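Topology and contacts: notes
The lines below spell out each chain.
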Amino acid sequence: MLHVLYLVGVAAFAASGVLAAYRANMDPFGGLVLAFAASISGGTLRDLILNRQPLYWTHDWVLLTVIISVGVGTMVYLRFWTLPRRSLLVVDAIGLSVVTVIGARAAIQAGTTPLAVIILAVLTGVAGEVIRDVLCGEFPPLLLREDVYAIAAMAGACCLLLLHHLGVAATPAAATSAGVVFALRMGAVYLGLHLPRPQQLRPRQGRKDTD
């Protein structure tokens, strides 16, 4: 069940990569490159840090088939229809929620500390988005500005850690934690919530009397 959930997250990131390439006026090859970059970058970084060999995607033909199929299917869809304005944000939130939780579970199974679980979960969730944005020429990436993205991933990782320590079964814990990430991310999008910028944190200077 968790593998199916992971394929859903990978498919969402693959679609988000193609949508980002479409908005950046890239050709179909660029769309496939971004589909793979968005889908496997986070998991690759996680496996390298945990020293897990071979890398998960190098022996999972189902996962690679899903990425190619979703990438091509999304490009075909865009050839004939126009997606809603916020479609990229929605599929990106789905990918973030699922991949973050899978990253947290991998870290827990590797026996890392709770803080390391949170760090690895966030890295797994956001690495693909960062690389995708950089390849599209969007710099700094949305993550490194004021968007509520990594914070949502962090909250989901904390939720999974709590449920794991409470003894909740793996699938319900993963689904609940992914729901937390998705709700926070989309809630921030639709409510227009952002993290404060550095200049917004500075105390206002009092007006000097010029008399």
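These lines cover the structure that appears in this document, whether it is placed above or below. Remember, it's a predicted structure, so these values are computed and weren't measured experimentally.

Enumeration according to the criterion identifies 1 cavity of 30 Å³ or more in this entry. In this structure, the largest cavity encloses a volume near 40 Å³. Where the lining of the largest cavity is concerned, the elements lending two or more residues are α4 (87-109), α6 (150-165) and α7 (170-191). Considering only residue class, the lining of the largest cavity consists of 6 nonpolar, 1 polar and 1 charged.

What follows concerns the packing of α4 against α7. Where α4 meets α7, the closest approach of the two axes is 8 Å, and the angle between their N-to-C directions is 145°. As for how α4 packs across α7, the hand of that crossing is right-handed. Where α4 approaches α7, its residues Leu89, Val90, Ala93, Ile94, Leu96, Ser97, Val98, Val101 and Arg105 are matched on the opposing element by Ala170, Ala174, Ser177, Ala178, Val181, Phe182, Arg185, Met186, Val189 and Tyr190. Split into classes, the residues belonging to the contact of α4 with α7 amount to 15 nonpolar, 2 polar and 2 charged.

With respect to the secondary-structure elements, aspartate 133 resides in helix α5 (residues 114-135). A distance of 3.2 Å separates a polar atom in the side chain of aspartate 133 from a polar atom in the side chain of arginine 132.

One finds Tyr6, Leu63, Ile67 and Leu96 to be the most contacted residues of the largest nonpolar core, which totals 44 residues. For this core, the secondary-structure elements that each account for two or more residues are α1 (2-23), α2 (28-50), α3 (61-80), α4, α5, α6 and α7. Among the elements that take part in this core, α4 stands out by supplying 10 residues, more than any other. Setting aside residues no more than four positions away along its own chain, leucine 63 makes contact with Tyr6, Leu7, Val10, Ile40, Tyr56 and Trp57.

Analysis parameters
- Residues numbered from 1 in each chain as written.
- Predicted model: local features only at pLDDT ≥ 70, side-chain atom pairs only at ≥ 80, totals over all residues.
- Heavy atoms only, no water.
- 1 Å grid on protein atoms, 1.4 Å probe; cavity = no way out; pocket = protein on both sides within 12 Å on 5 of 7 lines; lining within 4 Å.
- Points joined across faces, edges and corners; volume = space filled by probe spheres on them.
- Helix = DSSP H or I, 4+ residues; strand = E, 2+ residues; numbered from the N terminus.
- Nonpolar A, V, L, I, M, F, W, Y, C, P; charged D, E, K, R; others polar.
- Axes fitted to C-alpha atoms, helices over the stretch in contact; angles between N-to-C directions.
- Left-handed = near helix turned anticlockwise from the far one by under 90°.
- Contact = heavy atoms within 4.5 Å.
- Polar contact = N/O pair within 3.5 Å; in protein donor to acceptor, adjacent residues only side chain to side chain.
- Core = buried A, V, L, I, M, F, W, Y, C linked by side-chain atoms within 4.5 Å.
- Buried < 20%, exposed > 50% of the residue type's maximum accessible area, 1.4 Å probe, protein only.

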